[in-house]
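Here's the letter readout for the chains.
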Amino acid sequence: MESKYNYFKRDISWLSFNYRVLLEALDERLPLYERINFISIYSSNLEEFYKIRVADHKAVASGATESDEETVQSARELVEEINKEVTRQLDDRVRIYEQKILPALRKNHIIFYQDNHVEPFHQQFIKDFFREEIFPYLQPVPVSKDKIVSFLRDNRLYLAIRVYPKKEEKNKGEETKENIEKYTGECINERNDGEGIKVGMEAARPNVTDLRQPLYFVMKQPYAKVPRFIELPSREKNHYLMFTEDIIKANLNLIFPGYDVDSSYCIKISRDADILIDDTASSADLVAQLKKKVKKRKIGDVCRFVYDRAMPSEFLDFLVDAFRIQRDELVPGDKHLNLEDLRHLPNPNKSLHSLEKPKPMKLTVLDEKESIFNYVAKKDLLLYYPYHSFEHFIHFLYEAVHNPETREIMVTQYRVAENSAVINTLIAAAQNGKKVTVFVELKARFDEENNLATAEMMQAAGIKIIYSIPGLKVHAKVALIRRRGLNGEKIPSYAYISTGNFNEKTATLYADCGLFTCRKEIVADLYNLFRTLQGKEDPKFTTLLVARFNLIPELNRLIDREISLADEGKQGRIILKMNALQDPTMIDRLYEASEHGVQIDLIVRGICCLIPGQSYSRNIRVTRIVDSFLEHARIWYFGNDGTPKVFMGSPDWMRRNLYRRIEAITPILAPDLRDSLIEMLNIQLADNQKACWVDDKLQNIFKKRTPGTPAVRAQYTFYDWLNQKDN
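Bear in mind that the values here come from a model prediction, so they are computed numbers and not experimental data.

This part covers unusual backbone geometry. In this chain, tyrosine 385 is followed by proline 386 through a cis amide linkage whose omega measures 5 degrees. Positionally, proline 386 belongs in the loop between β12 (381–385) and α11 (391–402). A positive phi angle is found at asparagine 338, which is not glycine, with a value near 55 degrees. Here asparagine 338 shows up in the loop between β11 (330–333) and α10 (372–378). Accessibility expressed as a relative area gives 8% for asparagine 338, which makes it buried. A positive phi is found at aspartate 641, a non-glycine position, where the angle reads about 55 degrees.

What follows deals with helix α2 (residues 32–61). Taking 1.5 Å per residue as the helical rise, α2 with its 30 residues ought to reach 44 Å, and the 42 Å between its terminal C-alpha atoms agrees with that figure. Approximately 40 degrees is the largest bend angle found in α2, and it occurs at tyrosine 50. Downstream of α2 by a residue or two, glycine 63 has a phi angle that is positive, lying close to 85 degrees.

Those residues carrying the UniProt feature "binding site: ATP" (unreviewed entry) are Asn45, Tyr510, Arg605 and His632 in this numbering. As for its placement among the helices and strands, tyrosine 510 is situated in strand β19 (residues 510–517). You can call tyrosine 510 partly exposed: its relative accessible area is 26%. Contact partners of tyrosine 510, with chain neighbours within four places excluded, come to Tyr385, Pro386, Leu630 and His632. Mapped onto the fold, histidine 632 is located in the loop between β24 (630–631) and β25 (634–638).

Glancing now at the packing of aromatic side chains. By the definition in use, this model includes 38 aromatic pairs. With a centroid separation of 5.4 Å and 40 degrees between ring planes, the pair formed by phenylalanine 390 and phenylalanine 393 is classed as tilted. Judged by relative accessible area, which is 0%, phenylalanine 393 ranks as buried. Here the aromatic cluster, defined as three or more aromatic residues joined through ring pairs, consists of Phe373, Tyr385, Phe390, Phe393, Phe396, Tyr494, Tyr496, Phe502 and Phe516. The ring centre of tyrosine 19 lies 4.8 Å from the NZ or CZ of arginine 88, which sits over that ring. For lysine 703, the ring lying beneath its charged end belongs to tryptophan 693, and the centroid distance is 3.9 Å.

Our next topic: the nonpolar core. Generally speaking, a soluble globular protein has its nonpolar side chains buried in company with each other. Grouped together as the largest cluster of nonpolar side chains are 114 residues, with contacts concentrated most on Leu590, Leu602, Leu610, Trp636 and Trp653. With eleven residues, the top contributor of residues to this core is α2. If sequence neighbours within four positions are ignored, tryptophan 636 has contacts with Leu551, Leu555, Ile575, Leu576, Lys577, Met578, Lys645, Val646, Phe647, Pro651, Trp653 and Ile665. Counting residues in hydrophobic clusters, the runner-up holds 42 residues, among them Phe390, Ala455, Ile481 and Ala507.

Moving on, we get to the sheet that holds strand β23 (residues 620–625). Strands sit in the order β20-β28-β26-β25-β21-β22-β23-β29-β30 across an open sheet of nine strands; the sheet is mixed. The two strands at the open ends of the sheet, each matched to only one other strand, are β20 (545–546) and β30 (700–702). Where strand β29 (residues 691–694) and β30 come together, three bridges link them in antiparallel fashion. Among the inter-strand pairings, valine 694 is bridged to a residue of β30, identified as asparagine 700. Sheet strands touched by helix α15 (residues 551–567): β20, β21 (573–578), β25, β26 (645–649) and β28 (664–667). Its angle to β25, the strand with the most contacts, is close to 40 degrees. Relative to β21, helix α18 (residues 671–686) is tilted by about 80 degrees, and along the sheet it contacts β21, β22 (599–604), β23, β25 and β26.

Calculation criteria
Position labels on residues start from 1 in each chain and follow its written sequence. Note on the predicted model: pLDDT of at least 70 is required for a residue's local features to be given, and 80 or more for side-chain atom pairs to be given and counted; whole-chain, interface and lining totals, by contrast, use all residues. Working from all heavy atoms in the structure, the side-chain values ignore hydrogens and water. Here a strand is any run of E in DSSP of at least two residues, a helix any run of H or I of at least four, and the numbering for each starts at the N terminus. When accessible area is computed with a 1.4 Å probe and restricted to protein chains, residues below 20% of their type maximum are described as buried, those above 50% as exposed, and intermediate ones as partly exposed. Helices are assigned an expected span. That span is 1.5 Å times one less than the residue count. Fitting one axis to the seven residues ending at a residue and another to the seven starting there, the bend at that residue is the angle between the two axes. UniProt positions are given in the numbering used here, feature names are shortened, and annotations may be inferred rather than shown by experiment. Note on contacts: a residue pair qualifies if any of its non-hydrogen atoms lie within 4.5 Å across the two residues. Between rings of Phe, Tyr and Trp, where Trp is taken as its six-membered ring, a pair exists when centres lie within 6.5 Å; planes separated by under 30 degrees are stacked, by over 60 edge-to-face, and by other angles tilted. Criterion for a charge above a ring: Lys NZ or Arg CZ within 6 Å of the ring centre, and within 35 degrees of the ring normal. Side-chain atoms within 4.5 Å link the members of a nonpolar core, which is a set of buried Ala, Val, Leu, Ile, Met, Phe, Trp, Tyr and Cys residues. Strands are labelled as partners when DSSP assigns at least two bridges between them. Lines fitted to C-alpha atoms define the axes, with helix axes restricted to the stretch in contact, and inter-axis angles between N-to-C directions lie between 0 and 180 degrees.

Here it is, written out as structure tokens:
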């Protein structure tokens, strides 16, 4: 039955979030290089979006794959809508970069050359640097229609170059012909440079009957050999930077002797990075499939062709025909592409201060000399990363390794850091004679190879590895330390449930929560969950909420309770914090609750398909926070007539999380810990520095600070609150 409600399109909503990331580059209260970094994050996010989401829609639009959620026509229309919105956003990115960032750099005595104008005192340096450091690594490859053309690698920056043979005196025509054939022959003589580039002689041979006919080349930028940004000699108080491609452009005449260089423009290709695997395959077959298919990720179908919007139409038309680009794959960019590289922009002005981010706190009660086991045996412990140090969790595992009463360590692995301290500690446990079981989710996108490598390393160390469940992803972030006394007596075991991965690197960047507890009901439920992952039983959970088992029924019961309270004239209250809200069924329940008068606040960082400001959502407000750390925690609050129920765990409210993944959510049963989570939610709702309302047109409307009220920047305010509370 068709719903009476409406929803935002998932991908258009995500673009609204990414645009909010870009808007951070406008915030002059931030250190300049922090603003520049947000342009990098915006660009990197967009690249992955095209490789996965847009690539999926294009596959449906072309008829290559079928979808239950969209038709060929709706997929085509959505790709067109996405490209239109991205083009609008990129126009703003150009303006922010050129009209805000570059002048701010100049104000701080950093001159970032962006055009052909280079000060006379740098011209010789640029020529010398080009000859000595760049020229040896350049390889122009001719391009011609209807011939074999070079393979453009995924997300690599290329220069597309158009040249004309120089005009010669009448009697030198034959000499010019020989020069052209000699030069192009040297460039392309059936060469394969190891990156899939193969071009035949015929592809570049010019039409010598008309020596002024243009020739086209592409040339991959040698960033593996040369940095993207070059620091030039300083002059007085000023420092100078230049893009490597601009240095190359300034010296193209040295690459093409005997030719007039007409013009050059940056281009790049984004390719489909999704891996289609048989999700019902056995673990062994899945491992074999992934090992084979991850290698093909870089040669996927084209999903985006980005080009310098200053490129003349006939130049673009030539490239489109030569590389067989579809028109719906064209996305105009600015002069300098791949601005995700701006995160590596040198800062030659050392007087420019960086952002003083909150430094992870180590709890005095959890000093390394103290036992976390002893502390948690007395009371539950809730840590907030990155405000609290992730080293506490590493210490927790380390203590399990050396505790003689530890029988088994059980952990889920979704994304871990390279050279992970977590993995190294688990290996030490196995080598110390402990039984260690790790569930490894191989289907964690872009982490497949790392997960395979760490799984094989753990297996070699004697750790029992359980691989992905056919047809499901395991997204739960849980650990269990099972213990028994040396004389067989029962002693506390320990459960850990988190909103974030066991990754010490992202734990300094993502805002997450982790609960340590000895509560028997949670420990028993978590053990049942691990048995389920091993295929041993279909469990019943008494306390934990587990997706695909008891999560949806309990959520419905909690929402029904708030509706009943509102119907009785009492306050119905829901606060939901998550990364994404997309499932229509659960959105409908929130719409329904709103219609009954339940007051609902949503703190949703990314995708939010619920539309506020409608008659059926008049009691729902949507807040988005983008700041120093990536908001990643999932926390749910239900008022329950003054006795709040608060939950935290791994899932967002998306179809995939609620119905196609194993997710774990725990109630917060300790009153003091429950109150601290409520305090965090209240601080985030009070944010008037980095919080936006999301309106019914997907606009990010910054919250205004009311005169006379304190400034609240949620991440920093909450850090200060924790610091005072813990000390």
